[in-house]
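Take a look at the letters that make up each chain.
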Protein chains: 2
Amino acid sequence: MKRRAFLRTAGKGAGMAMAALAAPAVHAQASIRWRLASSFPKSLDTIFGSAELFAKFVRDATGGKFEISVHAAGELVPAFGVADAVQNGTVECAQTAPYYFYGKDEAFSFDCAIPFGLNARQQAAWMFDGNGMRLMREFYRNYNIVNFVMGNTGAQMGGWYRKEIKSLDDLKGLKMRISNLAGVIMSRLGVIPQTIPGGEAYTALEKGTIDALEWVGPYDDERLGFNKVARYYYYPAWWEGGAQLALYINSKSWDALPSEYKAIIEAAATHAHVVMQARYDARNPAALKRLVASGTILRPMPRPIMEAAYKTAEAVYAELAAKNPNWKKIWDDWSRFRSDQVLWFRVAEREFDNFMSAQKL
Amino acid sequence: MKRRAFLRTAGKGAGMAMAALAAPAVHAQASIRWRLASSFPKSLDTIFGSAELFAKFVRDATGGKFEISVHAAGELVPAFGVADAVQNGTVECAQTAPYYFYGKDEAFSFDCAIPFGLNARQQAAWMFDGNGMRLMREFYRNYNIVNFVMGNTGAQMGGWYRKEIKSLDDLKGLKMRISNLAGVIMSRLGVIPQTIPGGEAYTALEKGTIDALEWVGPYDDERLGFNKVARYYYYPAWWEGGAQLALYINSKSWDALPSEYKAIIEAAATHAHVVMQARYDARNPAALKRLVASGTILRPMPRPIMEAAYKTAEAVYAELAAKNPNWKKIWDDWSRFRSDQVLWFRVAEREFDNFMSAQKL
């Protein structure tokens, strides 16, 4: 606070100097250095690149006065340590997928994706015009976090399987790399969920330590070469119809920012959000075509599995609402919103998309 | 240019004054006043509000130094005069739906929507990660316009009809308020397209001067009360699967901006883009429910009409490619992009959305 008061004085001094030069109004702004800890490796260039793009906009918009250095997972803190690091002020900000912190509180997931949840646009609607941002901000207050929406992968793929999955029976005993809420639901369907870092997933699948894994979608999956060690590629990931990423900012760091920088951060995060989604959408098709050309067999997730998973998910959500008041509070709003969104998307959006899907283009 | 050079010098002076005060670095920035001419009335609060939000972010991010006043259609220039006004420098910037300028050059439409085109997300993907922005910037150079993406309505509704539309025969002689490319296609299907300002559409439909009209979607349509003068509400608007709005900036005004302000404008426009889409998505469902409760009959556009319109559209596009090199250049890229997008959205997105659509929520 002292520093800011000083800056205001200094700004006035500069203003007077400018006035003496008969110059137009100026504003004096603080030089700030922040560190952003990402939960992602540089190799996920769509995601990591969006954090870099965010930092670039902040730098450009402030003439280099506000510099945010962007650090890959593990560089400053481990991938799943970024929420703690922001909470403790070890770093000023982070880029993450909030459902990683499901173990702290299941309600983190609403800021990212829950199984059979909202698609990317619906999630943005909840955050930007529904009660999503207000509810998540309230929730994050306990963690000294101020959150922003920064990216969405869109509907993800249901993962890579060494054997064909024809029915619910094929899930029994299946060792699959999948975690959090999706893991809980899968385990009730007989799957044995495994938590394996992304970097070790290929080897685990190759060696048969696991039978299946889920990652993101064609563009990212191709780079990790999963098509070389599993033949069946299922869609969709019913557990992430649109995984939204977040920018976390330590609340004290946020409060100390000049209001100009606050506006810049918010708009820069939204810009990075749109660009990340665009990158996935624009780059997934070519990757998918290459995968199929390489012998990958594309399959829709069998309907009975989708139905069973959906029923199980709703049961899990009811249990969570009964035991976790944070979950219940957000769920009550979110689930009403979801009903409305599904109703509306059934109409113009779906009819348009389905018609286009039926055309030979 | 002189003014900017002066500002740089003045900035240095301020920097020195600051150094004398031992203050952190500051930056001096020009006070700028711009006027934004919107093609829309204030009553379209989702659209007009996004221009206001854009201006607010620019103001906040610059501590009030860069002030953009936002003017409704007709206040400074008529709704369809904003492209000329930007081109001539009458105003520095505008908010518009580029397909309004179809009469100048059909290729404007690619920056907004063409029948059986891209949905909102696909359009953003083309602009932000495909060749869309590059191609449109090149096209707009002839008009002294620098464009930015600022808003999307999502898939629109197919409009209000006094009589049920069961087959292609019911389109013959139908007087419908619809224009531009959609009007061209409709006229080949027997419709008599009418160009009527939005504000007069209600009366025209009430009096039977027209038999049908298209506007936007539930949220906007309800406010104009179309449900009181027509019973049938069709979906989707196959002519706008995602109408993207643009921010137009006069190229000289743009070039004269300090680089900080350029970054701020770009990010603020994207932020307004996301918020506008979110507002439509979040508010359409309740409006649709109220319309249906008021007696509106919701109907999917009959498939034979969709099929005939699609075939006609592709024929029109081939004709345009043969006669308009601007159209051809963009079409070649855009149509390849559309093929890829439709292929990809058939997979995870569509399967996820269709599954959710089938649930009772």
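Residues numbered from 1 in each chain as written. Chains lettered and ligands numbered in written order. Predicted model: local features only at pLDDT ≥ 70, side-chain atom pairs only at ≥ 80, totals over all residues. Heavy atoms only, no water.

Draft legend 1. Quick peek at the relation of the copies chain A and chain B. Rotating chain A by 180 degrees and translating it 0.0 Å along the rotation axis places it on chain B, where the RMSD comes to 0.0 Å. The two molecules are tied by a two-fold rotation axis, judged by turn and shift. An overlap of 100% is found between the interface residues of chain A and their copies at the interface of chain B, pointing to a shared contact surface. (Least-squares fit on C-alpha atoms with pLDDT ≥ 70 in both. Contact = heavy atoms within 4.5 Å.)

Draft legend 2. Spatial organisation of the interface of chain A and chain B. Listed per partner, the contact involves 98 residues of chain A and 99 residues of chain B. When chain A packs against chain B, close to 8300 Å² is buried across both sides, 68% of that on carbon and sulfur atoms. Counting the contacts that link chain A with chain B gives eight salt bridges. We note a salt bridge from Asp129 of chain B to Arg279 of chain A, for which the minimum N-O separation is 4.0 Å. One can count 21 residue pairs in polar contact (both at pLDDT 80 or more) joining chain A with chain B. (Buried area = accessible area lost by both parts, 1.4 Å probe. Salt bridge = Lys/Arg side-chain N within 4 Å of Asp/Glu carboxyl O. Polar contact = N/O pair within 3.5 Å; in protein donor to acceptor, adjacent residues only side chain to side chain.)

Draft legend 3. The arrangement of the environment of Gln341 of chain B in detail. In this structure, Gln341 of chain B sits in helix α12 (residues 325–345). Here Gln341 of chain B is in contact with Asp281, Ala282 and Pro285 of chain A together with Leu118, Gln122 and Ala125 of chain B, once residues within four sequence places are set aside. (Helix = DSSP H or I, 4+ residues; strand = E, 2+ residues; numbered from the N terminus.)

Draft legend 4. Structural view of unusual backbone geometry. Looking along the chain, the bond that leaves Tyr235 of chain A and enters Pro236 of chain A is cis, with omega of -5 degrees. Of note, Pro236 of chain A is situated in the loop between β9 (232–235) and β10 (244–250). Of note, Asn144 of chain B is a non-glycine position whose phi angle comes to about 55 degrees, a positive value. When you line up the elements, Asn144 of chain B lands in the loop between α5 (132–140) and β4 (145–152).

Draft legend 5. Quick peek at the nonpolar core. In terms of nonpolar packing, the biggest core is built from 278 residues, with Phe54 of chain A together with Phe54 and Tyr161 of chain B touching the most fellow members. Once residues within four sequence positions are removed from consideration, Phe54 of chain B is found in contact with Leu36, Ile68, Met150, Leu247, Ile265, Ala268, Ala269 and Ala272 of chain B. (Core = buried A, V, L, I, M, F, W, Y, C linked by side-chain atoms within 4.5 Å. Buried < 20%, exposed > 50% of the residue type's maximum accessible area, 1.4 Å probe, protein only.)

On their own, these measurements won't tell you what the molecule is for.
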